[in-house]
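A look at the structure
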Amino acid sequence: MAVKAPIEYRTIGSIRGPLVVVQDVSGVGWDEVAEVRLEGGELRHGTVLDVHSDLAVVEILEGTSGMRLDSARVAFSGAPMTVPIGEAWLGRTCNGRGEPIDGGPPIFGGQQRPVAGAPINPAMRAAPTEAILTGVSALDGLTTLVRGQKLPIFSVGGLPHLELAAQVAAQAHVGDEPFAIVFAALGLPHADVHAVRSVLERRAEQGDLALFVNTADDPIVERIVTPRVALTVAEHLAFDLGRHVLVVLADLTNYCEAVRQVSAVRGEVPSRRGYPGYLYSDIASLLERAGRIKGVAGSLTQLPVLTMPAGDITHPVPDVTGYITEGQVVLSPELYARGISPPFDPLASLSRLMRHGAGPGLTRDDHLEISAQLYGIAARARQAADLAEVVGEDALTPSDRDYLRAWAAFETDFVSQPLDSSRSLDDTLDRAWAVASLLPRAELSMISPATLDAHYRPAESDGAEDPAG
């Protein structure tokens, strides 16, 4: 039976930004894919945003530049946007729509899957368990990333958040189990994209990386599609093929800016700072695609990166993201100015699911105890540093000076780490113990006596026997 060709409409009524309004249509539904053919034969793609009576609002992925009302033709496919699924994506670099830009052949798959995705049935969700080790001490030691978790990196312009995300993507592993990285670059400058591709080159050669690139000069509408294409590929690898998949979305703020601009073009009533009122649900439609499913071996973990305008953590983008995710990693401009990189701020960072993926039987028996103690040291040292600014360091008690010394070692020997280095978990925890051992044993109240007996080694420079030993 012959397939009926789609009807082409020449009834474009208006063009506004990336949107076109097609008149006198029938049988068109939301999220349908549209093809727009220009006068010279150029083909562009779009999706239906809204349908009212005989009008259809179409969002053009490549933009509407050069499009004319009297010559462009629009055809609707009758189906939502889909991408092929399969392992053929691994080792490839594609644009934001999933078209290869690495010089290789087009990607084909036996099945097509809608990029909009579908929410995981809450009754079928399994609790995230076990860790993804990144080789970065600040993450592995203090904010352990758990398989199935959503853990964003909050940063500001000028900090090495992209370098950190690329380092994690290059080094992350789950032992001998099947693993894959899906990296979605959202609105990044070409120089940043080149840097990311250089860091991830070896991972791509190993065949366990899929890279989707939307640069700053690419159409903003494509930026809205890119994370959905990436997550559709990741879901198949995780939930159909049983891989543990880490998805990096950078920069989520650029994605939200694209949503805001399209919303403004559509004439929608703005909410906080010009963002649409549905920003929360829109971000949730991406981030809630992470998780684990009962009876399925794989997992989908997300590490979104977002920059906070002017460092404002109450800005709508970090604000709504914080409600959806299970913790955050916060980077500090003050630490970076002192030469600490990554500039990890321990007192602003946490992983709410760390106890599900670290500790006895999961990482190392002493992991949770030494992590809690380092947080205690950071809090006490911060108080001592604030007091020193008022009265001077010479007026501090010996105990306060001990905490400041431990804090300095924490920053330089534990947190600070070259971007091209990967530390084992044993190395990370041993460094944590070296920091804690700068304090008298009696100060380490968050660690059990048995664990202290096994790992505490007082600094030799103290010159005196530990009174609590």
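Above: the structure in question.
Presented here is a report on the structure given in the accompanying data block. (Residues numbered from 1 in each chain as written. Predicted model: local features only at pLDDT ≥ 70, side-chain atom pairs only at ≥ 80, totals over all residues. Heavy atoms only, no water.)

**A closer look at the packing of aromatic side chains**
Cut-off, in case you're wondering: We call Phe, Tyr and Trp rings a pair once their centres come within 6.5 Å, taking the six-membered ring for Trp, and we label the pair stacked below 30 degrees between planes, edge-to-face above 60, and tilted otherwise. Under the DSSP-based scheme used, a helix requires at least four consecutive residues in state H or I and a strand at least two consecutive residues in state E, with every element numbered from the N terminus. Burial classes follow relative accessibility: with a 1.4 Å probe on protein chains only, a residue under 20% of its type's maximum area counts as buried, one over 50% as exposed, and anything between as partly exposed.
A complete count under the given rule lists four aromatic pairs for this structure. Each ring, one from Trp407 and one from Phe410, has its centre 5.4 Å from the other, and the planes form 20°; the classification is stacked. A residue pair is termed a helical-turn pair when its members lie 3 or 4 positions apart in one helix, as Trp407 and Phe410 do in helix α12 (residues 398-415) at three residues. We classify Trp407 as buried; its relative accessible area is 11%. A centroid spacing of 5.5 Å and a plane angle of 20° characterise the contact between Phe410 and Phe414, whose relative ring orientation is stacked. Within this pair, Phe410 and its partner Phe414 are both found in helix α12, separated by four residues, close to a single helical turn. Assessed through its relative accessible area of 3%, Phe410 is described here as buried.

**Details of the side chain of Ser349**
Heads up, the condition is: Two N or O atoms form a polar contact when they lie within 3.5 Å of each other; inside protein one atom must be a possible hydrogen donor and the other a possible acceptor, and for residues adjacent in sequence the pair counts only when both atoms belong to side chains. Residue contacts are defined here by distance: any two heavy atoms, one from each residue, within 4.5 Å place the two residues in contact.
For Ser349, the location among the structural elements is in the loop between α9 (333-337) and β21 (350-351). Overall, the relative accessible area of 4% leaves Ser349 in the buried class. Only 2.7 Å separates the side chain of Ser349 from the backbone oxygen of Asp345, close enough to count as a polar contact. When residues no more than four places from it in sequence are discounted, the contact partners of Ser349 are Thr143, Gln328, Val329, Val330, Phe344 and Tyr375.

**Re unusual backbone geometry**
Omega for the peptide link from Ala250 to Asp251 comes to 10°, which places this bond in the cis form. Backbone torsion omega between Ser341 and Pro342 reads 0°, so that peptide bond is classified as cis. Relative to the helices and strands, Pro342 is located in the loop between α9 and β21. Phi angles above zero are rare outside glycine, and Ser53 is one such case at about 55°. The residue Ser53 is located in the loop between β5 (43-52) and β6 (55-60) in this model. For Ser53, a relative accessible area of 65% gives the class exposed. At Arg273, a position not held by glycine, the phi torsion is positive, near 50°. Tracing the chain through its elements places Arg273 in the loop between α6 (252-265) and α7 (279-287). Taking the relative accessible area as the measure of exposure, Arg273 reaches 52% and is therefore exposed.

**A closer look at a nonpolar patch on the surface**
Threshold: For patches, a residue must show more than 30% relative accessible area and have no salt bridge; joins then use 9 Å for like charges and 5 Å for nonpolar side chains, namely Val, Leu, Ile, Met, Phe, Trp and Tyr. Using a 1.4 Å probe, accessible areas were evaluated by the Shrake-Rupley method; residue-level cover was limited to the displayed protein chains. Only one rule defines a salt bridge in this text: a Lys or Arg side-chain nitrogen within 4 Å of an Asp or Glu carboxyl oxygen.
On the surface, Leu387, Val390 and Val391 cluster together to form a nonpolar patch covering roughly 270 Å² of accessible area. Topologically, Val391 is positioned in helix α11 (residues 367-391). A residue is classified by how much of its surface remains accessible, and Val391, at 43% relative accessible area, is partly exposed.

**Points about the nonpolar core**
To be explicit about the condition: Residues belong to a common nonpolar core when they are buried Ala, Val, Leu, Ile, Met, Phe, Trp, Tyr or Cys residues joined through side-chain atoms within 4.5 Å.
With 120 residues, the main nonpolar core has Val182, Phe183, Phe212 and Leu246 as its most contacted residues. Broken down by element, this core gets its largest block of residues, 11 residues, from helix α5 (residues 220-240). Discounting chain neighbours no more than four positions away, the residues touching Phe183 are Leu162, Ala165, Ala166, Ala169, Val196, Leu200, Leu209, Ala210, Leu211, Phe212, Val248 and Ala250. Judged by nonpolar contacts, the second largest core, of 17 residues, contains Leu38, Val48, Val58 and Met67.

**Points about the environment of Leu362**
The topology assignment puts Leu362 in the loop between α10 (354-357) and α11. Sequence-wise, Leu362 and Pro152 are 210 residues apart; in three dimensions their C-alpha atoms are separated by 22 Å.

**Let's talk about α11**
We count it as follows: Expected helix span is taken as 1.5 Å per residue step, with the number of steps being one fewer than the number of residues.
The first and last C-alpha atoms of α11 sit 36 Å apart over 25 residues, in line with the 36 Å expected at 1.5 Å per residue. Regarding α11, the residues found buried are His367, Leu368, Ile370, Ser371, Gln373, Leu374, Tyr375, Ile377, Ala378, Ala381, Ala384 and Ala388. In this structure, the buried side of α11 is in contact with α1 (137-142), β21, α10, α12 and α13 (425-436). Gly392 lies just past α11 and shows a positive phi near 90°.

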